[in-house]
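# Chains, contacts and geometry: an overview
Each chain is listed here by its residues.
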Amino acid sequence: MKLLEDRIRKDGVVKAGNVLKVDSFLNHQMDIKLFNEMGREFKRLFADRPINKILTIEASGIGIACIAAQHFGVPVVFAKKAQSINIDGEVYSTKIQSFTHNKVYDVIVSKKYINTTDHILIIDDFLANGCALEGLIDLVKSAGATIEGIGICIEKGFQQGGDIIRKKGVRLESLAIVESMNDETGEIVFREQ
Ligand code: 5GP
């Protein structure tokens with residue numbers, strides 16, 4: 001998506017440790033006009049799928065998931081990061097290793113909000129090593145729901161997540177794929193799509 005690539009080139013900051021900072025329009029301040037165009041693009045890409053719910057993970061997936069959901073006319077469920085799991089059987093749970101915080105979270109979704117009749121689009125802001133997506137896929141599978149696809153704003157194509165998820169046979173659409181980036185020169189190269 002050219003609009004997003006141009007914005008990343010203009011305002012993205014490449015940090016050491018393979019981190020791309022996009023706080024000025026995606027992860028802290030949010031550019032809602034841009035979000036709306038990303039939401040429209042997700043709808044175009046998944047127009048053929050019978051999606052009735054969007055699943056994301058707190059915190060930074062929630063904004064784009066909500067704007068995308070307006071284009072699909074469906075509700076959003078966000079997986080919650082829990083300090084400890086309440087093992088009362090009311091939630092599906094999984095563990096996710098955070099790329100940015102280098103920490104393992106227990107992540108939960110109430111059984112009330114995902115079930116076997118659901119056709120789910122997973123949305124998240126970034127794809128790096130794929131841990132967040134593997135956890136979300138695990139939650140959907142535990143619920144017996146169907147994964148119709150995954151929509152990502154920015155995939156770092158030089159990390160392993162994209163390959164891992166595509167090998168599972170899940171349809172993954174990333175609006176921008178960073179092929180390489182250099183924290184010394186600030187150069188960012190995108191994959192042709
Ligand atoms: P993964 O689980 O695929 O390794 O990482 C995905 C999550 O880590 C995303 O939800 C995002 O919050 C965060 N993340 C990973 N890499 C980056 C990055 O380069 N920049 C930012 N801003 N967030 C990232």
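Residues numbered from 1 in each chain as written. Predicted model: local features only at pLDDT ≥ 70, side-chain atom pairs only at ≥ 80, totals over all residues. Heavy atoms only, no water.

The next thing to look at is the overall build of the chain. What the chain contains, in helices and strands, is six helices and ten strands. Taken over the C-alpha trace, the chain has a radius of gyration of 16 Å; the compact-globule value for 193 residues is 16 Å, and the two agree within 12%. C-alpha atoms of the chain, sized along the principal axes, occupy 50 × 35 × 30 Å. Per-residue burial over the chain gives 46% buried out of 193 residues. The contacts of the chain with a sequence gap of at least 6 include a subset with a gap of at least 24, amounting to 59%. Accessible area for the chain stands at about 9600 Å²; split by element, carbon and sulfur atoms hold 48% of it. Distance between charge centres in the chain, computed from 25 positive and 26 negative side chains, equals 3 Å. (Helix = DSSP H or I, 4+ residues; strand = E, 2+ residues; numbered from the N terminus. Rg over C-alpha atoms; globule rule 2.2 N^0.38 Å. Buried < 20%, exposed > 50% of the residue type's maximum accessible area, 1.4 Å probe, protein only. Contact = heavy atoms within 4.5 Å. Areas by Shrake-Rupley, 256 points an atom, 1.4 Å probe, with all protein chains shown as cover. Lys, Arg positive; Asp, Glu negative; His and termini not counted. Charge placed at Lys NZ, Arg CZ, Asp CG, Glu CD.)

As a further point, take the sheet that holds strand β6 (residues 103–110). Spatially, the eight strands line up as an open sheet ordered β5-β6-β4-β3-β7-β8-β9-β10, and their pairing is mixed. Since the sheet does not close on itself, it has two edges, and those belong to β5 (91–98) and β10 (188–190), each with one partner. Neighbour to neighbour, the strand axes of the sheet diverge by 30 degrees on average, direction disregarded. Bridge count for strand β3 (residues 53–57) against strand β7 (residues 119–127) is three bridges, and the pairing is parallel. Counted as the bridge partner of Lys-53 is Ile-120 from β7. (Pairing = 2+ DSSP bridges. Axes fitted to C-alpha atoms, helices over the stretch in contact; angles between N-to-C directions.)

A separate point is the site of the ligand. Every one of the 17 residues lining the ligand counts as a neighbour, but Leu-20, Asn-129, Gly-130, Ala-132 and Lys-156 are closest to it. At a separation of 2.8 Å, a nitrogen atom of the ligand approaches a polar backbone atom of Leu-20. Between the ligand and the protein, one listed contact pairs an oxygen atom with a backbone N or O atom of Gly-130 at 2.7 Å. Protein chains bury 90% of the 500 Å² of accessible surface belonging to the ligand in isolation. (Near = heavy atom within 4 Å. Polar contact = N/O pair within 3.5 Å; in protein donor to acceptor, adjacent residues only side chain to side chain.)

Across soluble globular proteins, nonpolar side chains show a tendency to be buried alongside one another. Counting residues in each nonpolar core, the largest one holds 33 residues, and the members touching the most others are Leu-20 and Ile-154. Only α1 (2–11), α2 (23–27), α3 (32–45), α4 (62–72), β7, β8 (146–156), β9 (172–181) and β10 provide two or more residues apiece to this core. Broken down by element, the residue count for this core peaks at six residues, all from α4. With near-sequence residues (within four places) excluded, Leu-20 lies in contact with Ile-8, Gly-12, Val-13, Val-14, Phe-126, Ile-154, Val-178, Met-181 and Ile-188. Membership of the second largest hydrophobic core comes to 25 residues, among which are Val-77, Val-109, Ile-114 and Ala-145. (Core = buried A, V, L, I, M, F, W, Y, C linked by side-chain atoms within 4.5 Å.)

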